[in-house]
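Secondary and tertiary structure notes
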Amino acid sequence: MILSRLIVQWLEVIIEVGLWIFLIASFIAGWMSVDGFFAGLIRGIISMIIGAIFSAVLFGFFILLADIRKMLKQLLDMKTVA
């Protein structure tokens, strides 16, 4: 019970860190796929944009669930105070 509550509380942080790691990894993968500085930079930026779109589709559901949980918690706190 304690571990499940801890995971639910840290879900937002886990998702955020995962998204940043995914974006950094996609930039590095794009950078390393081409020889040359500017070509690698452009390729890294393009792959990071594609990675951001992919991660938004992939992790969007979990982010939405975390936002719904946060709104419900705020609503419940307002109802208990009033």
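Anything mentioned here points back to the structure above.
The notes below deal with the structure included here.

Focus: the overall build of the protein chain
Along its length, the protein chain carries two helices and zero strands. Since a compact globule built from 82 residues should have a radius of gyration of about 12 Å, the 18 Å found for the protein chain marks it as more spread out than a globular shape. When its C-alpha atoms are laid out on the principal axes, the protein chain stretches across 60 × 25 × 15 Å. Of the contacts made within the protein chain by residues no fewer than 6 positions apart, 47% connect residues no fewer than 24 positions apart. Taken as a whole, the protein chain presents about 6,800 Å² of accessible surface, with 79% of it coming from carbon and sulfur.

A short note on the pattern of salt bridges
Close approach of charged atoms allows side chains of opposite charge to pair. Evaluation of the coordinates by the stated rule reveals one salt bridge. Measuring nitrogen to oxygen at the nearest pair gives 3.2 Å for the salt bridge that ties Glu12 to Lys70. Of this pair, Glu12 sits in helix α1 (residues 2–32) while Lys70 is found in helix α2 (residues 37–81), placing the two residues 58 residues apart along the sequence.

A short note on the packing of aromatic side chains
Evaluated as defined, the whole model comprises five aromatic pairs. Look at Trp31 and Phe37: their rings are 5.4 Å apart centre to centre, the planes differ by 80°, and that puts the pair in the edge-to-face class. Arranged with centres 5.1 Å apart and planes meeting at 80°, the rings of Phe37 and Phe38 form a pair that is edge-to-face. Of the aromatic side chains, those joined through ring pairs into one cluster are Phe27, Trp31, Phe37 and Phe38.

What counts as what
- Numbering of residues begins from 1 in every chain and follows the order in which that chain's sequence is written.
- Under the rules for a predicted model, residues below a pLDDT of 70 receive no local features and side-chain atom pairs below 80 are neither given nor counted, while totals for whole chains, interfaces and linings still include all residues.
- For the side-chain quantities, the full set of heavy atoms in the structure was used; hydrogens and water were omitted.
- Under the DSSP-based scheme used, a helix requires at least four consecutive residues in state H or I and a strand at least two consecutive residues in state E, with every element numbered from the N terminus.
- Each radius of gyration is computed over the set of C-alpha atoms, and the globule rule expresses the reference value as 2.2 Å times the number of residues to the power 0.38.
- Residue contacts are defined here by distance: any two heavy atoms, one from each residue, within 4.5 Å place the two residues in contact.
- Here the Shrake-Rupley method, with its probe set to 1.4 Å, supplies the accessible areas, and only the displayed protein chains count as covering residues.
- Any Lys or Arg side-chain nitrogen found within 4 Å of a carboxyl oxygen on Asp or Glu counts as a salt bridge.
- Only Phe, Tyr and Trp rings are paired, with Trp represented by its six-membered ring, and only when their centres lie within 6.5 Å; those with planes under 30 degrees apart are stacked, over 60 edge-to-face, the remainder tilted.

So yeah, pure geometry; function would need other evidence.
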